[in-house]
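A closer look at the structure
One-letter residues, chain by chain:
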Amino acid sequence: MPALPPGSLIVVVGITGYIACYAGLEALRAGFRIRGTVRDTQRAAALRVAYEKFGVDASPENLELVTFDDLGSEAQLEVAFADADGVINLTMPEFDSEDDYVSRMIDGMMLPLRVAARVPSIKRYVMTSTLAAADPQLVGGAPTAEPITEHAWNDEAVQLYNTLRAAGEKNQWVEYCAGKTLGEKAAWEFIEKNKPTWDLVTIFPACTWGPVMFGPARTTAQILAGLLEGDPTLCYMRPYTYVDVRDCGKLHAIAIAEESFGGKRTIAAAGPTNIKEVVDKLKKSFPSAKLPGGPSLEVPASKWNIDNAVATRALDNEWISVEDAVVETAKSVGY
Ligand SMILES: *[C@@H]1O[C@H](CO)[C@@H](O)[C@H](O)[C@H]1NC(C)=O
């Protein structure tokens, strides 16, 4: 039995985001009605046009787009969540070196959960975490002896954050990993204690690439575009697992619809990769790009140690390849 039948109303928080717009698209394809929150009405109009190009019915009857200027406001979230059957929240606060990103991330994850717990129509809440909240290799740790499953936590990221903080240092990536780890732990504790009417699903995307649906390059696509201009930043980031944004969007829609996902953490990682493979695939399709080479590509190999069986099954054993993911990213931002 599905957790939510087609026709149910799903709120997608920040629907114009890189992954969120694919989550919304796939939920529409699965027959859900969507209420997407947006900050910018121009991007909202562009989203509707983009959806229509995919051949889905994105008329206001199926896709309601509501503008909120402050999703940190309980009152606005209450309006956004009213009468909804499900919520998908993928957004994250912007980094600001002036304050404590970790506590802002935790607060950001908890506020809409508390609001949702007061809306009895909600049956499922899907929250996006990151593989970096489970896998210590993503903060430079050693591969774990056991494969990374839905039970893994990146406690090393939290330790590293505490060490850096004690030394008065800041590192955006470490704070991101620690914030996601601690925020998600707080979320499961909240569920345990408050037993809301809905169940929680968390999704753990690996490094996400794939076409930007509309508008300029953002997030990881921006970094990939930089790589095509010879910027080696991505080499230092050592991506070693990936997922395509289209598969990631699909998994969010499945997470809303499938009973078996309820109360679980699901890893969205397609397979291993490394910076050399990414550069090689790009070189093949864009021979004139100024891609970095030489020693910057010789990063220590990380070990693929991830149990992605649940998502693999949910996607009928078909993940989009790393070549398709990176080449389509580049094309979508003008290469
Ligand atoms: C959910 O939504 C809020 C907006 O209130 C945001 O600040 C928060 O970081 C979001 N993200 C997740 C993954 O819960």
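Residues numbered from 1 in each chain as written. Predicted model: local features only at pLDDT ≥ 70, side-chain atom pairs only at ≥ 80, totals over all residues. Heavy atoms only, no water.

1. Examining the overall build of the protein
Along the backbone of the protein there are 12 helices and 10 strands. Relative to the globule expectation of 20 Å for 335 residues, the C-alpha radius of gyration of the protein, 19 Å, shows essentially globular dimensions. Referenced to the eigenvectors of the C-alpha coordinate spread, the extents of the protein come out at roughly 55 × 45 × 40 Å. Counting over 335 residues, the protein shows a buried share of 53%. The long-range share in the protein, meaning contacts at least 24 apart out of those at least 6 apart in sequence, stands at 81%. As displayed, the protein has an accessible area near 14,700 Å², and 52% of this comes from carbon and sulfur atoms. (Helix = DSSP H or I, 4+ residues; strand = E, 2+ residues; numbered from the N terminus. Rg over C-alpha atoms; globule rule 2.2 N^0.38 Å. Buried < 20%, exposed > 50% of the residue type's maximum accessible area, 1.4 Å probe, protein only. Contact = heavy atoms within 4.5 Å. Areas by Shrake-Rupley, 256 points an atom, 1.4 Å probe, with all protein chains shown as cover.)

2. Description of the packing of aromatic side chains
Applying the stated rule across the entire model yields three aromatic pairs. The interplanar angle of 75 degrees and the centroid separation of 6.5 Å between the aromatic rings of Phe-286 and Tyr-335 together place this pair among those described as edge-to-face. With a gap of 49 residues between them, Phe-286 in the loop between helix H10 (275–285) and helix H11 (309–314) and Tyr-335 in the segment after helix H12 (322–332) connect regions that are remote in the sequence. According to the relative accessible area criterion, Phe-286 is buried, its value standing at 12%. A cation over a ring is seen here: Arg-265 above Trp-153, with NZ or CZ 3.7 Å from the ring centre. (Phe/Tyr/Trp six-rings, centres within 6.5 Å; stacked < 30°, edge-to-face > 60°. Lys NZ or Arg CZ within 6 Å of the ring centre and 35° of its normal.)

3. Observations concerning the site of the ligand
Around the ligand, the neighbouring residues are Leu-71, Leu-77, Asn-89, Thr-91, Met-92, Pro-93, Gly-108, Met-109, Pro-112, Met-127, Thr-128 and Lys-180. The separation between an oxygen atom of the ligand and a polar main-chain atom of Leu-71 is 2.5 Å. A distance of 2.5 Å separates an oxygen atom of the ligand from a polar side-chain atom of Asn-89. The protein chains hide 92% of the 360 Å² of surface that the ligand would expose on its own. Those elements giving two or more residues to the shell around the ligand turn out to be helix H4 (101–116) and strand E5 (124–128). No other element matches the three residues that H4 contributes to the shell around the ligand. (Near = heavy atom within 4 Å. Polar contact = N/O pair within 3.5 Å; in protein donor to acceptor, adjacent residues only side chain to side chain.)

4. Re the packing of H4 against helix H6 (residues 172–194)
Two numbers describe how H4 lies on H6: the axes approach to 8 Å, and their chain directions differ by 30 degrees. By the angle between their directions, the pair H4 and H6 is classed as roughly parallel. The handedness of the crossing between H4 and H6 comes out as right-handed. Between H4 and H6, the residues in contact are Tyr-101, Val-102, Met-105, Ile-106, Met-109, Met-110, Leu-113 and Arg-114 and Gln-172, Glu-175, Tyr-176, Ala-178, Gly-179, Lys-180, Leu-182, Gly-183, Glu-184, Ala-186, Ala-187 and Phe-190, respectively. When the residues that make up the contact of H4 with H6 are grouped by side-chain class, the tally is 13 nonpolar, three polar and four charged. (Axes fitted to C-alpha atoms, helices over the stretch in contact; angles between N-to-C directions. Parallel < 35°, antiparallel > 145°, perpendicular 65-115°, else oblique. Left-handed = near helix turned anticlockwise from the far one by under 90°. Nonpolar A, V, L, I, M, F, W, Y, C, P; charged D, E, K, R; others polar.)

5. Side note on the sheet that holds strand E8 (residues 241–244)
The strand order across the open sheet built from three strands is E7-E8-E10, with neighbouring strands paired in mixed fashion. Two strands close off the open sheet at either side, each with one partner strand: strand E7 (207–209) and strand E10 (271–272). Bridge analysis of E7 against E8 gives three bridges, and the strand direction is parallel. From the neighbouring strand, Thr-208 faces E8, where its bridge partner is Val-243. (Pairing = 2+ DSSP bridges.)

6. Quick look at the pattern of salt bridges
In total, this model carries 17 salt bridges according to the counting rule given. A salt bridge links Arg-104 to Asp-99, with the shortest nitrogen-to-oxygen separation between them at 2.6 Å. Taking the relative accessible area as the measure of exposure, Arg-104 reaches 27% and is therefore partly exposed. The network of salt bridges with common partners includes Glu-74, Glu-78 and Arg-118. (Salt bridge = Lys/Arg side-chain N within 4 Å of Asp/Glu carboxyl O.)

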